[in-house]
Amino acid sequence: MPRARVNGVELFYETEGPVGGEPLVLVHGSWSDHLGWRFVLPRLARTYRVLAYDRRGHSRSERPAGPGSRREDEADLAALIEMLGSGPVHVAASSFGASTALGLAARRPGLLRSIMAHEPPLVAVVADRAELRPVLEPMRAALGDVLAALRSGGPEAAARQFVEDVAVGPGAWEQLPDPVRRTFADNAPTFADEQADPDWAVLDVGRLGGFTGPVLLTTGTESPPWFPAILDGVAGAFGGRVEQYTFEGAGHVPHLTHPEAYADRLETFIAGQSAVA
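### Topic: the environment of Gly153
Phase 1 of the analysis: Within the secondary structure, Gly153 is located in the loop between helix H4 (133–151) and helix H5 (155–167).
Phase 2 of the analysis: For Gly153, a relative accessible area of 55% translates into the label exposed.
Phase 3 of the analysis: Sequence-wise, Gly153 and Pro189 are 36 residues apart; in three dimensions their C-alpha atoms are separated by 9.7 Å.

### What to know about H4
Phase 1 of the analysis: For H4, which comprises 19 residues, the first-to-last C-alpha distance of 27 Å matches the rise-based estimate of 27 Å (1.5 Å per residue) to within 8%.
Phase 2 of the analysis: Among the residues making up H4, those that are buried are Leu136, Met139, Ala142, Leu143, Val146, Leu147, Ala149 and Leu150. Down the axis of H4, the smallest arc covering the buried residues is 155°, so these residues share one side. In H4, the exposed positions that point more than 90 degrees away from the buried face belong to Pro134 and Arg151.
Phase 3 of the analysis: Those residues of H4 hidden inside the fold are in contact with H5, helix H8 (188–195) and helix H9 (226–235).
Phase 4 of the analysis: Once H4 finishes, Gly153 follows within two positions and takes phi at roughly 90°, a positive value.

### Topic: empty space enclosed by the protein
Phase 1 of the analysis: Scanning the model with the defined rule gives 3 cavities of 30 Å³ or more in all.
Phase 2 of the analysis: As a volume, the largest cavity reaches approximately 170 Å³.
Phase 3 of the analysis: Around the largest cavity, the lining comprises 17 residues; the ones closest to its centre are Ser30, Ser32, Phe184, His252 and Val253.
Phase 4 of the analysis: At the level of secondary structure, the elements contributing two or more residues to the lining of the largest cavity comprise H5 and helix H10 (254–257).
Phase 5 of the analysis: The element contributing the most residues to the lining of the largest cavity is H5, with 3 residues.
Phase 6 of the analysis: When grouped by side-chain class, the residues that make up the lining of the largest cavity number 9 nonpolar, 8 polar and no charged.

### Let's talk about the layout of surface pockets
Phase 1 of the analysis: A volume near 240 Å³ is recorded for the largest pocket.
Phase 2 of the analysis: Secondary structure elements with two or more residues in the lining of the largest pocket: helix H2 (70–84) and helix H3 (96–107).

Parameters and conventions
- Residues numbered from 1 in each chain as written.
- Predicted model: local features only at pLDDT ≥ 70, side-chain atom pairs only at ≥ 80, totals over all residues.
- Heavy atoms only, no water.
- Helix = DSSP H or I, 4+ residues; strand = E, 2+ residues; numbered from the N terminus.
- Buried < 20%, exposed > 50% of the residue type's maximum accessible area, 1.4 Å probe, protein only.
- Expected span 1.5 Å × (residues − 1).
- Arc of directions from axis to C-beta.
- Contact = heavy atoms within 4.5 Å.
- 1 Å grid on protein atoms, 1.4 Å probe; cavity = no way out; pocket = protein on both sides within 12 Å on 5 of 7 lines; lining within 4 Å.
- Points joined across faces, edges and corners; volume = space filled by probe spheres on them.
- Nonpolar A, V, L, I, M, F, W, Y, C, P; charged D, E, K, R; others polar.

Here you go:
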């Protein structure tokens, strides 16, 4: 099993696809791991040299003691990109992974060729939007309930509560495949570590202007209403280089629930900007 030691931790990763294909790195969200991409990776690997990995604290990667920070995840992503040695890469990222990819774009834009970010939970970007308080306050309360469930030792109950009360909606937990549910429960402690980072939801939007490549920001019609608002807040920093897209009938994890639509959109995006280049 391939592993890379970066920034003091050992990360598990897999690569698939033709050697010499355009490099594409997949960054998963909280609770999940590289297998969250299982339904789209085979198709993407027909064309791209794909790297999928477990972020620190998730599944087969090392779980350091004590809370970490999203900045460490950004540094890990940078190190893996540099390990590929193929120049700037395309990055497709989901949820907390999307926050990580955008954070890296603000700090080290030269590492990225393009970004596809689905629903980054960067709530600090819209914290001053008074009209969103009626939906943001219940979300914060629900996060508190999830963390309380974790402290009481119920990782599966906490994972279910997160999926149904925060990220997706009622009934969504039972729609997830059994292996996905088990992974969510196994990685629950790392979610608590992420939440302990005071800057987990913060992004210096002004610095995103330093990234000059194309950006695709996506959401789903069934997702909570704060995600489109966050995307609007982020999009302005990229000017005309940003495209926004909504997956019909999908929510927070379209790569799991609507894999063909997700892969279609990603391939069309990369092919379109590659043709322009």
